[in-house]
Amino acid sequence: MNKFLRSTLAVVLTLSCFPLTNNKIEALSSNVNVTATDNQVVIGNEYIERQFSIADNKLETTNIINKRTESGNTVFTPANGSEEFIIKTVKEERAPISLEAIDRTNWSAVSDSYQNVSGPSDGPAANLIDGNLDSIWHSNYGGGTGSRNFPYNVLFNLHNQTTFQSFSYTPRQNGEATNGNLKGYELWVDRKSTRLNSSHNV
């Protein structure tokens, strides 16, 4: 275990257990003992000891032992899953959530700003729900219909009562790096339709 990690863990122990005064920190840091095995790190002094698990790339408190109590060793064990005692040392990789897409066959979409009535490169709001990653909706940037200024409004009509768990959109697959990313959006739902009030970065 490298010196930087030992020093960091010693400071974590000190700061979490004692008042934040420079004299106190300096006095205690010099007396802290650190021992490490493959999956465990123990940091402590004559007053307190903290045991960490370092398995699975996580720094997780397993026990805190208070040596100043009448019994001499009072052990506190955090509850399983207690996040305040877990430091993740690397980004966890999780499998993406897989949800089946809702059938959009009978949906319709209109917008108060769009570029060109037909064509896959620029087009009306209907392109947002056609399932084709090569077609796009684009707000009016000149020669199209509607406003050229934020915000833009898109009205999705589902035509039937529909239950869904999440909302997502796929950005434009070609063009400039930021062209096609939503600057921000508000999703409104009423009894008759789902309305997306968005600012589209073009």
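Note that the coordinates shown come from a computational prediction; the quantities given were computed from them, not determined experimentally.

1. With respect to the environment of Asn-45
Take Asn-45: it is sitting in the loop between strand E2 (40-44) and strand E3 (48-53). Sequence spacing of Asn-45 and Asn-31 is 14 residues, and the spatial spacing of their C-alpha atoms is 6.1 Å. Here the side chain of Asn-45 touches Tyr-47 through a polar contact of 2.8 Å, landing on its backbone nitrogen.

2. Notes on the packing of aromatic side chains
Summed over the entire model, instances satisfying the criterion amount to three aromatic pairs. Between the aromatic rings of Trp-137 and Tyr-152, the centroid separation amounts to 6.5 Å while the plane-to-plane angle is 80°, which identifies the pairing as edge-to-face. One end of the pair, Trp-137, is in the loop between strand E8 (113-114) and strand E9 (145-146); the other, Tyr-152, is in strand E10 (residues 152-157), with 15 residues separating them in the sequence. The same class applies to Trp-137 and to Tyr-152, which are both buried. An aromatic cluster is present here, built from Trp-137, Phe-150 and Tyr-152 joined pairwise through their rings.

3. What to know about the nonpolar core
Ranked by size, the top nonpolar core spans nine residues in total: Trp-107, Ala-109, Ala-125, Ile-129, Trp-137, Tyr-152, Val-154, Phe-156 and Leu-158. Take this core: its biggest share by element is three residues, from E10. Once you skip the residues sitting within four places of it in the chain, Trp-107 turns out to touch Ile-102, Ile-129, Asn-157, Leu-158 and His-159. Ranked by size, the runner-up nonpolar core spans five residues in total, among them Val-32, Val-41, Ile-43 and Phe-52.

4. Looking at the side chain of Ser-113
Inspection of the secondary structure assignment puts Ser-113 in strand E8. Those residues in contact with Ser-113 that sit more than four places away from it in its chain are Trp-137, His-138, Ser-139, Asn-140, Thr-145, Gly-146, Ser-147 and Tyr-152.

The rules behind each value
- Residues numbered from 1 in each chain as written.
- Predicted model: local features only at pLDDT ≥ 70, side-chain atom pairs only at ≥ 80, totals over all residues.
- Heavy atoms only, no water.
- Helix = DSSP H or I, 4+ residues; strand = E, 2+ residues; numbered from the N terminus.
- Polar contact = N/O pair within 3.5 Å; in protein donor to acceptor, adjacent residues only side chain to side chain.
- Phe/Tyr/Trp six-rings, centres within 6.5 Å; stacked < 30°, edge-to-face > 60°.
- Buried < 20%, exposed > 50% of the residue type's maximum accessible area, 1.4 Å probe, protein only.
- Core = buried A, V, L, I, M, F, W, Y, C linked by side-chain atoms within 4.5 Å.
- Contact = heavy atoms within 4.5 Å.

The values are spatial; any link to function lies outside them.
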